[in-house]
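# Coordinates in review
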Amino acid sequence: GLPLLAAAFLGATAMYYLSRLLAAALGWSATEGLFLAGMLMISSSAIVGKILHETGLNHERAGQLALGVSVLEDVVAVVMLALLESVVQLGGGGHASELGTTVLHLGAFVAMVGVAGLILVPWLLKKMSITMDEELQTLGLAALLFGLAILAQKAGYSLALGSFLLGIIVAETPHRHQVERTFEGMRDVFSAVFFVAIGMQIDVRELVQSSGLILGVAAFTLLARPLAVTTGLSIIGVPASDGLRAGLMAAPIGEFSFVIAQLGVGAAVVPTRFYPLAVGVSLVTTFVTPFVARRSNRLVAALLRREPGWLADWLRYYQDWLDRLMRQRKRSPLWQMSRKRLAQI
């Protein structure tokens, strides 16, 4: 719901500023800092989902929070891609007013596609399920997917935006489980093709040459991402133990980070080292996170034992205040009657 959405955006904002500070400490330009922040503020929902499934943590609350945050960070990635493409078109510069205009245009495009899609797509899926066999339905859905992706690119955004929007629209229809089952095999194929394509674009010598930078940025990511995610979750009232565990599980970066690095390198607004940097940091964080996730209970217990007393008292007071506020809202008949209507409006 909205609290987790707020937590994801607050955590992403915290990670953005921490990454910009790292770039400034390394002596990089503002544009390089912006692309570094874009790469590090987004976790990989595909990798996090795999890790949680393989470690058996996907049914625990901390695991569900981590997966929820990583999925919502895909929304952050879509917005960041639009902003960074605007920066690329402006030659690596760009004023706040121009970036604000980009965000407004992006919002208008998303609203237009969302409204049109929610009207047309359910009707189209219903007609297809009545008149077409399963093979033709798959082809029709693939045409919708690629068509909306191309529409987003023609409008000046990334292919990822169009396909992501169609996924959100289909998720709101009664046909979501059928579509998910139909595309399960294609998802696995495209996932493998994507990561193989990423691997084929890497010169291993560049990874070796940048190994020091990769290890340093990876260590920063493994510390800063849990801190940022925990901060966002704590603000919405999640207990510190669950927030810390979720932060530790949501450390790996992945597919969107590769796309952002490729965008900057392809437009020549950042050095070529950014691409092997994104892949190297993803490899290190993906390798380390399963070990950390399995031991997250002990790590979090050790951290909480060293938590300053004033911080524990403040968090306890803040969570009690949030609980009282939620109980008051639940007791209000006016709020219970109007909240769904407010969301619809």
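This section reports on the structure supplied with the text. (Residues numbered from 1 in each chain as written. Predicted model: local features only at pLDDT ≥ 70, side-chain atom pairs only at ≥ 80, totals over all residues. Heavy atoms only, no water.)

### Some remarks on the packing of helix H12 (residues 255-266) against helix H13 (residues 274-294)
At a minimum axis separation of 8 Å, H12 and H13 run at an interaxial angle of 170°. Viewed along their axes, H12 and H13 adopt a mutual orientation that is roughly antiparallel. On the side of H12, the interface is formed by Ser257, Phe258, Ala261, Gln262 and Val265, while H13 contributes Phe274, Tyr275, Ala278, Val279 and Ser282. Considered class by class, the residues forming the contact of H12 with H13 number seven nonpolar, three polar and no charged. (Axes fitted to C-alpha atoms, helices over the stretch in contact; angles between N-to-C directions. Helix = DSSP H or I, 4+ residues; strand = E, 2+ residues; numbered from the N terminus. Parallel < 35°, antiparallel > 145°, perpendicular 65-115°, else oblique. Contact = heavy atoms within 4.5 Å. Nonpolar A, V, L, I, M, F, W, Y, C, P; charged D, E, K, R; others polar.)

### What about the pattern of salt bridges?
If you walk through the whole model with that rule in mind, you get four salt bridges. Measuring nitrogen to oxygen at the nearest pair gives 3.4 Å for the salt bridge that ties arginine 61 to aspartate 242. Separated by 181 residues along the polypeptide, arginine 61 in helix H4 (residues 61-89) and aspartate 242 in helix H11 (residues 240-249) bring together distant segments of the chain. In this structure, aspartate 313 engages arginine 316 in a salt bridge whose closest nitrogen and oxygen atoms are separated by 2.9 Å. Taken together, the residues span about one helical turn, with aspartate 313 and arginine 316 both in helix H15 (residues 309-331) at a distance of three residues. (Salt bridge = Lys/Arg side-chain N within 4 Å of Asp/Glu carboxyl O.)

### Overview of helix H6 (residues 134-154)
Taking 1.5 Å of rise per residue, the 21 residues of H6 would be expected to cover 30 Å, and the 30 Å separating its terminal C-alpha atoms lies within 8% of that figure. For H6, the complete set of buried residues consists of Gln137, Thr138, Gly140, Leu141, Ala142, Leu148, Ala149 and Ala152. Where H6 terminates, the next one or two residues include glycine 156, which has phi positive at roughly 100°. (Expected span 1.5 Å × (residues − 1). Buried < 20%, exposed > 50% of the residue type's maximum accessible area, 1.4 Å probe, protein only.)

### Observations regarding the side chain of serine 70
Inspection of the secondary structure assignment puts serine 70 in helix H4. A residue is classified by how much of its surface remains accessible, and serine 70, at 0% relative accessible area, is buried. Dropping the residues within four chain positions of it, serine 70 is found in contact with Ser43, Ser45 and Val48.

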